[in-house]
Amino acid sequence: MDSFLRDSARRLLAGEIPLKDITVVFPNRRAGIFFLKQLGTLIHAPVWMPRVLTIEDLFYELAGQRPVDQLTLLFELYGVYAQLSNHPETFDRFYFWGELILKDFNDVDQFLVDAKRLYHHLADIKTIEKDWSYLTDHQLALIQAFWKSFEGTGSKHQESFLRFWQILFELYEGFRASLETTGYAYPGMLYRRVAESLSELSAPGSHLVFMGFNAFTSAEEKLIRHYVRYHGAEVYWDIDAYYVEDARQEAGMFFRQYQKDSVLGPTFPKELPVGIQDNPKEIASYVTPLKVSQANLVGSILEQVSTKEDWEQTVVILPDEQLLFPVLNYLPPAVGSVNVTMGYLVKNAPVYIFLEAVLDLQRYTKRIGDDLFFYHKPAKELLSSVYLHHLNPVFCKQVIRDSTLQNQVHLPAEVLANGGELFSLVFRAYHPETVLSGLQGIMLALSGQLSEEALERSYLFQCYRQLNRLKEVFDGRDGKLPGMELMLRIVRQLFRQIRIPFEGEPLRGLQVMGVLESRNLDFKRVIICQMNEGSFPPSGSLNSMIPYNLRRAFGLPVQEQNDAVYSYTFYRLLHRAEEVHLIYTISGSEGKPAEKSRYLLQLAEELTGEQIQKREEVVFAPVDARNAPEITIAKSDAVMHALDRYMFSPNRDSPVAFSPSALNTWLDCRLKFYFMYIAGITETEEVKEGVDAAVFGNLIHGALENLYLGFIARKKRTTLEAADFPGLKPFVDPAIEKAIRKQYFLEESQEVKVEGHLAIVRDLLHNYMLQVLKWDEEQAPFQIISLEAGKRYRAQLEIQTAFGPRNVALGGIIDRVDLQNGVVRLMDYKSGKDEKQFSSVASLFDRDDKKRNKAAMQTFFYGFLFRQNFPDNTLPVRPALVNLRDIFLPDFTPYLVEKEVKADPLEVTDYADYQEDFEAGLRGLLEEIVDPEVPFDQTSDLRKCGYCPYRTLCGR
């Protein structure tokens, strides 16, 4: 097929000037490569080819210099700023603003703006009228409107802006003077130098042809006009009448301006091409429900391409580079070769993710004395990474396990570094002076590990090379380095910009490229993905210190110009295309639907003609709109065998026992019971940075047990008198410390570091325990029969099963059993909001009762266990709930209360009064659990699913 580059090549060959005496200048390098290919196909004898340059190369060649890297420029800019400002910010705080200022200075020079007038503080509006007569009325109005907005406001932000604005011209001039002294330059500075010294330029050594340009900067336009006027240079425009002759079309905005120019106007053809409107083409637009669905659709479109066609005539445009790998994965087998022009960003590579985690780790260091610690989350992520885990899997698993058991929020660097050489390089504190060499050491160690991974090694090589360059920049700073936070940001920013080019022949195969890379290239088949506002065209945002009104008044680029550039880029793809596929998605971000591109709307409304065929297609993704099916698990032979573990038999005299927690779980949700007690699916253990309710409960139980066990051991007696309690108070804190050691698996030799949340919890525990001692002192004397760790109560109950009568094992741990005034008290400590009131014994086994009192059911269960273990006991057995939240109340009582509807409350004084009803309910519950006909199903009360650890398995 014909193309702009092929037609341009014919035009050069048809001219009288030999190719060797021609220099062709393009907007980008890729267009030059394709041009030479087209030119080569038209030449049938040996010949010297023309020289091909980019406009950027031409300017740097004429200036005799190339720009220096941005970081060096920022350091130079900061040096000048620090001299001008009375109270300069640190470099770390200046860095962000410095990037904006540097970009603005570059724009000011590329568009040849008078910096003195731009940065002048217009305190007197009349100054405009006197000195700026060269501006148009519209430009004057924009400037006046901007500066008048500052009158009489007194805003701190505006005052701050004005103070900074007043030094910008001095900063601009001082910065340029400093660069002239050092021999450095930024791109705009070189452009301006060339544009302002055109009279000094010698005649070009060859005939210049500027090919395929759309929007010039002022410096570019001035240079090209100079060569056209004085040296006969030519301009080949890649345009179409559809958008040039229609003033509504933003794609032709710049061309309409150039047509009016006395020098550039004559370079336009007398008759503009009409390819968009007149060439036959099919335009199909597609809407997909998901962003990634576009990749699948691209594959489907390419599958329909005839195998006889050249793939070079097909292009896939990706405005969003995240679609690159999904698209490549969905390419059909018939696509033999692919040329990807975008390059692969290192930031998407696994090894970069590892390096990013190493950098992130430095933000979470902590020192306690001389010891270094790392925050557990980034440290564990690194230990779980393939690069460290592969080197020493046993060590990584052990450190993660120990830190979880001990609930270590911060892990000691000394321990982490013991995994090997790479571990010691990763888990150490770096400083601005050492972080670059440290990263290079890590890269070298990784490179040795990845000896057989050529792609990963190439990523490391590129990163290593860029770090070397960064070190060179910092080495020239005389030890003046930014802070660690900024240093990490600079390194991270550097890594994220590195691209690894794909190997391949750029002139063969299916072409996959970004939007701007398609300039000057024509294809028969065009497939554009992500045709959404914000992607194509990209979202409108110009980061600049120069306000919009001033940018527009002084001719600096604003969003309208950017929109025109991208609009042209889109429409020029339609010049010669015969088949156009435009894909957009309705999947947006933050819960908002994505908006289709304005270009799609323009095509639908404005592009008409007999040669144009348009269609729109909705690509559906199969969606199951039904609710997740209810999960029901029948009791198979394997399940019944698992339940048999809880039964006594001639061959099993010590079976697994049902605990009150297990029975409450069955009543709450039978499926949850299956997950926990049949399938054995346990919750993932994680480090808890705070102290949750479960841990707090464990600590208060353990501390109270330690306190009373210590008393018994010291005094050699189990009876406590009121006089004993003052002597117990000094042992409260040691009892708490011992409980903390047990909870977090700390050895006696290990120091207990009580800080943060744990320090607050320790003080809370101390207060609770003192109040418990106060209440116990009022109840004294009493005799301790058993404590939590001293005895595990076990019992059995005969039930009827499908296989005949069986004895079921039951068991539990009672926090404290004591004897007071002839009454056996079964004390259950509670740290939550448990209630003591229940309506009836039957309600304790009613799963449909939303107010079922699980705590009361548990304490009655302890009454059953005690009666089973002490059948000869004739004393009253009184279940009690010691709710620590209520123990501070003056009328506190721990005893259960039965409160039937419309009846007076009745305090429970003896389990025996409820024994028959409770054992009947318990027997019925156990028979239901082992009934083969009762499946494991989900609860109907969705409120119970809110904090269930298995809700993701259920789909709830």
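Cut-off values and rules
- Residues numbered from 1 in each chain as written.
- Predicted model: local features only at pLDDT ≥ 70, side-chain atom pairs only at ≥ 80, totals over all residues.
- Heavy atoms only, no water.
- Helix = DSSP H or I, 4+ residues; strand = E, 2+ residues; numbered from the N terminus.
- Rg over C-alpha atoms; globule rule 2.2 N^0.38 Å.
- Buried < 20%, exposed > 50% of the residue type's maximum accessible area, 1.4 Å probe, protein only.
- Contact = heavy atoms within 4.5 Å.
- Lys, Arg positive; Asp, Glu negative; His and termini not counted.
- Charge placed at Lys NZ, Arg CZ, Asp CG, Glu CD.
- Pairing = 2+ DSSP bridges.
- Axes fitted to C-alpha atoms, helices over the stretch in contact; angles between N-to-C directions.
- Salt bridge = Lys/Arg side-chain N within 4 Å of Asp/Glu carboxyl O.
- Core = buried A, V, L, I, M, F, W, Y, C linked by side-chain atoms within 4.5 Å.
- Parallel < 35°, antiparallel > 145°, perpendicular 65-115°, else oblique.
- Nonpolar A, V, L, I, M, F, W, Y, C, P; charged D, E, K, R; others polar.
- Phe/Tyr/Trp six-rings, centres within 6.5 Å; stacked < 30°, edge-to-face > 60°.
- Lys NZ or Arg CZ within 6 Å of the ring centre and 35° of its normal.
- Domains from an automatic or database assignment.
- pLDDT = per-residue confidence, 0-100.
- Polar contact = N/O pair within 3.5 Å; in protein donor to acceptor, adjacent residues only side chain to side chain.

**Structural notes on the overall build of the protein**
Move 1: Scanning the protein for helices and strands turns up 38 helices and 28 strands.
Move 2: A compact globule built from 956 residues would reach a C-alpha radius of gyration of about 30 Å, whereas the protein, at 40 Å, exceeds it by more than 25%.
Move 3: Projected onto its principal axes, the C-alpha positions of the protein cover 125 × 70 × 60 Å.
Move 4: Expressed as a percentage of the 956 residues in the protein, the buried residues total 50%.
Move 5: Long-range pairs, those at least 24 residues apart, make up 76% of the contacts in the protein with a sequence separation of at least 6.
Move 6: Side-chain charges of the protein comprise 105 positive and 129 negative groups, with the mean position of each set lying 1 Å from the other.

**Side note on unusual backbone geometry**
Move 1: Look at the link from Phe536 to Pro537: it is a cis peptide, with omega at 5 degrees.
Move 2: Looking at the secondary structure, you find Pro537 in the loop between β14 (525-528) and α27 (548-553).
Move 3: A cis amide bond links Ala780 with the next residue in sequence, Pro781, at an omega value of 5 degrees.
Move 4: Mapping Pro781 onto the fold places it in the loop between α35 (757-779) and β19 (782-787).
Move 5: One non-glycine residue with positive phi stands out, namely Leu112, at about 50 degrees.
Move 6: Locating Leu112 in the fold gives a position in the loop between α5 (91-110) and α6 (115-118).
Move 7: By relative accessible area, which is 24% here, Leu112 ends up partly exposed.
Move 8: Although it is not a glycine, Gln530 adopts a positive phi angle of roughly 50 degrees.

**Side note on the environment of Ala795**
Move 1: Its place among the elements puts Ala795 in strand β20 (residues 793-801).
Move 2: Under the relative-accessibility criterion, Ala795 is labelled buried at 9%.
Move 3: When sequence neighbours within four positions are dropped, the list of residues in contact with Ala795 reads Phe648, Val808, Ala809, Leu810, Phe864, Leu865 and Gln868.

**What to know about the sheet that holds strand β2 (residues 51-54)**
Strands in a sheet are paired, the pairing made by backbone hydrogen bonds, and the direction either parallel or antiparallel.
Move 1: Pairing is parallel across the open sheet formed by four strands, whose spatial order is β2-β1-β3-β4. A strand with exactly one partner marks an edge of an open sheet, and here the two such strands are β2 and β4 (234-236). With direction set aside, neighbouring strand axes in the sheet form an average angle of 25 degrees.
Move 2: Relative to β4, strand β3 (residues 207-211) is paired through three bridges, and the arrangement is parallel. Considered in β4, the bridge of Met211 is made with Tyr236.

**Structural notes on the pattern of salt bridges**
Move 1: In this structure the tally under the stated criterion is 55 salt bridges.
Move 2: We note a salt bridge from Arg551 to Asp107, for which the minimum N-O separation is 3.0 Å. With a gap of 444 residues between them, Arg551 in helix α27 and Asp107 in helix α5 connect regions that are remote in the sequence.
Move 3: Given the relative accessible area of 11%, Asp107 is considered buried.

**Observations concerning the nonpolar core**
Nonpolar side chains tend toward joint burial in soluble globular proteins.
Move 1: In this structure, Phe210 and Phe427 are the most contacted members of the largest nonpolar core, which totals 176 residues.
Move 2: The contact partners of Phe427, leaving out residues within four places of it in the chain, are Leu361, Phe374, Ala379, Leu382, Leu383, Leu388, Ala413, Leu416 and Ala417.
Move 3: Counting 57 residues, the second largest nonpolar core, distinct from the first, contains Ile678, Leu844, Ala855 and Leu922.

**Some remarks on the packing of helix α31 (residues 660-668) against helix α32 (residues 670-678)**
Move 1: At a minimum axis separation of 5 Å, α31 and α32 run at an interaxial angle of 140 degrees. The angle between α31 and α32 falls in the class oblique. Only Arg670, Lys672, Phe673, Met676 and Tyr677 of α32 make contact with α31, whose side of the interface consists of Ser661, Ala662, Thr665, Trp666 and Asp668.
Move 2: Residue classes in the contact of α31 with α32 are distributed as five nonpolar, two polar and three charged.

**A few points about the packing of aromatic side chains**
Move 1: Counted by the stated rule, this structure contains 61 aromatic pairs.
Move 2: Centroid distance Tyr571 to Tyr599: 6.4 Å. Interplanar angle 65 degrees. Geometry classified as edge-to-face. With Tyr571 in helix α28 (residues 559-572) and Tyr599 in helix α29 (residues 598-606), this pair connects stretches of sequence that are 28 residues apart.
Move 3: Under the relative-accessibility criterion, Tyr571 is labelled buried at 0%.
Move 4: Geometrically, the ring pair formed by Phe860 and Tyr911 is tilted, given 6.3 Å between the ring centres and 45 degrees between the ring planes. Remark: Tyr911 occurs in the loop between β27 (906-907) and α37 (915-929) and Phe860 occurs in helix α36 (residues 854-869); sequence separation between them is 51 residues.
Move 5: For Phe860, a relative accessible area of 0% corresponds to the buried category.
Move 6: The lysine or arginine in question, Lys635, covers the ring of Phe936, its NZ or CZ lying 5.3 Å from the ring centre.

**Concerning the packing of helix α10 (residues 168-182) against helix α11 (residues 187-195)**
Move 1: Running from N to C, α10 and α11 cross one another at 85 degrees; their axes reach a closest spacing of 12 Å. With respect to their mutual orientation, α10 and α11 come out roughly perpendicular. Contacts between α10 and α11 involve Tyr172, Arg176, Leu179 and Glu180 from the former and Met189, Arg192 and Arg193 from the latter.
Move 2: Its residues assigned to classes, the contact of α10 with α11 comprises three nonpolar, no polar and four charged.

**Some remarks on the pairing of β14**
Move 1: Residues Arg525 and Ile527 of β14 are buried on one face, and the alternating residues Val526 and Ile528, pointing to the opposite face, are buried as well.
Move 2: Across four bridges, the pairing between strand β6 (residues 314-317) and β14 is parallel. Following the sheet pairing, Val316 is matched in β14 by Ile527.
Move 3: As paired strands, β14 and strand β15 (residues 579-585) are joined by four bridges and run parallel to one another.

**Some words on the domain arrangement of the protein**
When the parts of a complex come together, some accessible area is lost, and that lost area is often used as the size of the interface.
Move 1: You can read the domains of the protein as domain 1 (4-65 + 204-273), domain 2 (70-150 + 159-184), domain 3 (275-342 + 508-618), domain 4 (347-500), domain 5 (642-685 + 788-953) and domain 6 (693-773).
Move 2: A separation of 51 Å is found between the C-alpha centroids of domain 4 and domain 5.

**Topic: the confidence of the model for the protein**
Move 1: Model confidence for the protein is summarised by a mean pLDDT of 88, while 92% of its residues fall at 70 or above.
Move 2: Every residue in residues 122-130 scores below 50 in pLDDT, and together they form 15 contacts with partners more than four places removed in sequence or on other chains.

**Points about the side chain of Gln362**
Move 1: Looking at the element boundaries, Gln362 is found in the loop between α18 (350-361) and β9 (365-368).
Move 2: Its relative accessible area of 9% is what places Gln362 among the buried residues.
Move 3: One polar contact links the side chain of Gln362 to the main-chain carbonyl oxygen of Arg428, over a distance of 2.9 Å.
Move 4: Contacts of Gln362, omitting those with residues within four sequence positions, involve Phe374, Val426, Arg428, Ala429, Tyr430, Met484 and Leu488.

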